[in-house]
There are 2 protein chains.
Amino acid sequence: MHKEHNLTKNQQIIFDIIDRSPEPLKAYSILFNVQKKGIKAPLQVYRALDKLVEIGKIHKIESRNAFIACQNSSCQVSKATAFSICESCEKVTEINNSSLSKYLSNFKDKAGMKYSKYNLEFFGLCKKCITK
Amino acid sequence: MHKEHNLTKNQQIIFDIIDRSPEPLKAYSILFNVQKKGIKAPLQVYRALDKLVEIGKIHKIESRNAFIACQNSSCQVSKATAFSICESCEKVTEINNSSLSKYLSNFKDKAGMKYSKYNLEFFGLCKKCITK
DNA sequence: TACATAATGTTATATTATAACAATTTTAAT
DNA sequence: ATTAAAATTGTTATAATATAACATTATGTA
Ligand SMILES: [Zn+2]
Ligand SMILES: [Zn+2]
Ligand SMILES: [Zn+2]
Ligand SMILES: [Zn+2]
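So, how was this worked out
- Residues numbered from 1 in each chain as written.
- Chains lettered and ligands numbered in written order.
- Predicted model: local features only at pLDDT ≥ 70, side-chain atom pairs only at ≥ 80, totals over all residues.
- Heavy atoms only, no water.
- Near = heavy atom within 4 Å.
- Polar contact = N/O pair within 3.5 Å; in protein donor to acceptor, adjacent residues only side chain to side chain.
- Helix = DSSP H or I, 4+ residues; strand = E, 2+ residues; numbered from the N terminus.
- Phe/Tyr/Trp six-rings, centres within 6.5 Å; stacked < 30°, edge-to-face > 60°.
- Buried < 20%, exposed > 50% of the residue type's maximum accessible area, 1.4 Å probe, protein only.
- Lys NZ or Arg CZ within 6 Å of the ring centre and 35° of its normal.
- Salt bridge = Lys/Arg side-chain N within 4 Å of Asp/Glu carboxyl O.
- Axes fitted to C-alpha atoms, helices over the stretch in contact; angles between N-to-C directions.
- Parallel < 35°, antiparallel > 145°, perpendicular 65-115°, else oblique.
- Left-handed = near helix turned anticlockwise from the far one by under 90°.
- Contact = heavy atoms within 4.5 Å.
- Nonpolar A, V, L, I, M, F, W, Y, C, P; charged D, E, K, R; others polar.
- Buried area = accessible area lost by both parts, 1.4 Å probe.
- Domains from an automatic or database assignment.

### A closer look at the protein's contact with DNA strand D
Of all residues adjacent to DNA strand D, which total 15 residues, the nearest are Lys26 and Lys60 of chain A together with Thr8, Gln44 and Arg47 of chain B. The sugar-phosphate share of atoms of DNA strand D within 4 Å of the protein amounts to 40%. With respect to DNA strand D, the side chain of asparagine 10 of chain B contributes an N or O atom lying 2.9 Å from a phosphate oxygen. Mapped by element, the contributors of at least two residues to the surface near DNA strand D are helix H3 (42-54) of chain A together with helix H1 (9-20) and helix H3 (42-54) of chain B.

### Considerations on the packing of aromatic side chains
Summed over the entire model, instances satisfying the criterion amount to 9 aromatic pairs over all chains. Here tyrosine 118 of chain A and phenylalanine 122 of chain B contribute two aromatic rings whose centre-to-centre distance is 6.0 Å and whose plane-to-plane angle is 65°, an arrangement assigned as edge-to-face. One end of the pair, tyrosine 118 of chain A, is in strand S5 (residues 115-124); the other, phenylalanine 122 of chain B, is in strand S5 (residues 115-124), on a second chain. Each of the two residues, tyrosine 118 of chain A as well as phenylalanine 122 of chain B, counts as buried. Centroid distance phenylalanine 122 of chain A to phenylalanine 107 of chain B: 5.3 Å. Interplanar angle 15°. Geometry classified as stacked. Taken as a pair, phenylalanine 122 of chain A in strand S5 and phenylalanine 107 of chain B in the loop between helix H4 (98-105) and S5 lie in two separate chains rather than in one. Each member of the pair phenylalanine 122 of chain A and phenylalanine 107 of chain B is classed as buried. Chaining the aromatic ring pairs together yields one cluster made of Phe107, Tyr115 and Tyr118 of chain A together with Phe122 of chain B. Its end group placed over the ring of phenylalanine 123 of chain B, lysine 117 of chain A keeps NZ or CZ at 5.3 Å from the ring centre. Here the basic side chain of lysine 57 of chain B rests over the ring of phenylalanine 15 of chain B, its NZ or CZ set 4.4 Å away from the ring centre.

### With respect to the pattern of salt bridges
As enumerated under the stated definition, the model contains 6 salt bridges over all chains in all. For glutamate 90 of chain A, the salt bridge is made with arginine 64 of chain A, and the minimal N-O distance between the two is 2.6 Å. Note that glutamate 90 of chain A is positioned in the loop between strand S3 (80-86) and strand S4 (92-94) and arginine 64 of chain A in the loop between strand S1 (58-61) and strand S2 (66-69), a separation of 26 residues in sequence. We classify glutamate 90 of chain A as partly exposed; its relative accessible area is 34%. With a shortest N-O distance of 3.5 Å, glutamate 87 of chain A and lysine 117 of chain B are connected by a salt bridge. Taken together, the residues glutamate 87 of chain A in the loop between S3 and S4 and lysine 117 of chain B in strand S5 connect one chain to another.

### With respect to the packing of helix H1 (residues 9-20) of chain A against helix H2 (residues 27-34) of chain A
All names here are of chain A. Here H1 crosses H2 at 115°, and the two axes come no closer than 11 Å. The pairing of H1 with H2 is recorded here as roughly perpendicular in orientation. Considering how the two elements wind past one another, H1 and H2 form a crossing that is right-handed. Together, Ile13, Ile14, Ile17 and Ile18 of H1 and Ile30, Asn33 and Val34 of H2 make up the contact between the two elements. Residues of the contact of H1 with H2, tallied by class, amount to 6 nonpolar, 1 polar and no charged.

### Quick notes on the interface of chain B and chain A
The interface is formed by 32 residues belonging to chain B together with 32 residues belonging to chain A. Surface buried jointly by chain B and chain A totals about 2,800 Å² across both partners, of which 61% is contributed by carbon and sulfur atoms. Remark: the boundary between chain B and chain A carries 13 residue pairs in polar contact (both at pLDDT 80 or more). In terms of residue count, S5 of chain B provides more of the side of chain B that touches chain A than any other element does, 10 residues in total. Across the side of chain B that touches chain A, the residue classes tally to 16 nonpolar, 8 polar and 8 charged.

### Details of the domain arrangement of chain A
Much of the literature gives interface size as the accessible area that the parts lose upon coming together. All names here are of chain A. Taken as a whole, chain A is organised into domain 1 (9-69) and domain 2 (80-130). Of note, the centres of domain 1 and domain 2, computed from C-alpha atoms alone, are 22 Å apart. Counting residues at the interface gives 9 residues for domain 1 and 10 residues for domain 2. Together domain 1 and domain 2 conceal approximately 730 Å² of surface at their shared face, both sides included; 55% is due to carbon and sulfur atoms. Taken together, the connections running from domain 1 to domain 2 amount to 1 salt bridge. For the pair domain 1 and domain 2, the number of links is 4 residue pairs in polar contact (both at pLDDT 80 or more). Contributing elements (two or more residues each) for the side of domain 1 that touches domain 2: S1 and S2. Among the elements that line the side of domain 1 that touches domain 2, the one with the most residues is S1, at 3 residues. Of the residues contributing to the side of domain 1 that touches domain 2, the split by class is 4 nonpolar, 2 polar and 3 charged.

So, in structure tokens, the structure goes:
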């Protein structure tokens with residue numbers, strides 16, 4: 001479970017926009033959308049994004065430079081994330097699969113390196129796009 | 001196995017630099033290093049990078065916006081990639097583990113979406129950095 | 001209170017990546 | 001060899017993403 005964090009004003013504004021969006025949002029798209037609320041500079045957005053990622057309220061989709069709200073209260077504060085990405089419509093879904101997360105959390109490579117974090121992105125076509 | 005591709009001059013120059021590097025290289029770092037060889041513009045670098053990624057000779061480390069040479073002739077032309085990243089020294093290694101690649105290649109999510117590609121990045125501390 | 005920590009506001013700048021268009025080279029078929 | 005298509009290159013300009021530096025304000029807490 002996530003530890004509760006009291007979001008600050010900027011953090012809450014930016015989280016709300018991401019949380020309401022059906023698709024991942026990019027930083028400057030967020031910026032344009034919050035300028036009427038007094039957030040005028042990129043840094044204000046990036047700082048809120050950094051904090052929200054840190055506390056696990058949002059995740060960055062690295063291959064898209066975009067952010068989505070966490071759909072998965074059991075993902076250990078952004079330490080273990082997996083997403084499916086449709087390469088046609090760009091729909092992104094957070095994968096919540098205990099077999100997968102167990103497998104990856106326990107994975108050890110030959111070098112004996114133990115991992116504290118992972119991020120996995122699957123690419124393909126979503127159901128809607130396959131039938132097109 | 002990789003299909004053989006005859007690299008063009010620019011592609012070869014840029015591949016060689018990445019291949020010889022002990023660490024992932026960023027596009028503009030590559031650019032600075034090849035300016036003496038006549039490659040002057042970012043686009044020349046990005047076009048070569050795009051092609052090299054497409055044919056599987058290099059991979060992009062998404063979380064770092066950097067590129068490394070493929071260490072793994074059996075990774076199906078960039079369709080199934082996994083890396084370990086040391087968060088201290090930034091050493092990146094391509095993981096070649098058949099159990100992992102089988103597990104991920106066969107993974108199906110609840111939505112029935114079948115994936116054609118994945119990228120996995122593990123983060124942690126390498127052996128050298130753990131003991132520091 | 002007073003101190004430390006976190007968050008904010010602001011300007012400027014750094015870094016990463018693509019658009020648009022013309023020219024050249026390579027490939028493969030006639 | 002001729003030719004047309006496809007791929008690659010060269011070039012300038014610009015878009016998109018992200019951080020540095022510094023001053024200020026708010027918040028938590030001893
Ligand atoms: Zn999550
Ligand atoms: Zn789709
Ligand atoms: Zn590879
Ligand atoms: Zn290390």
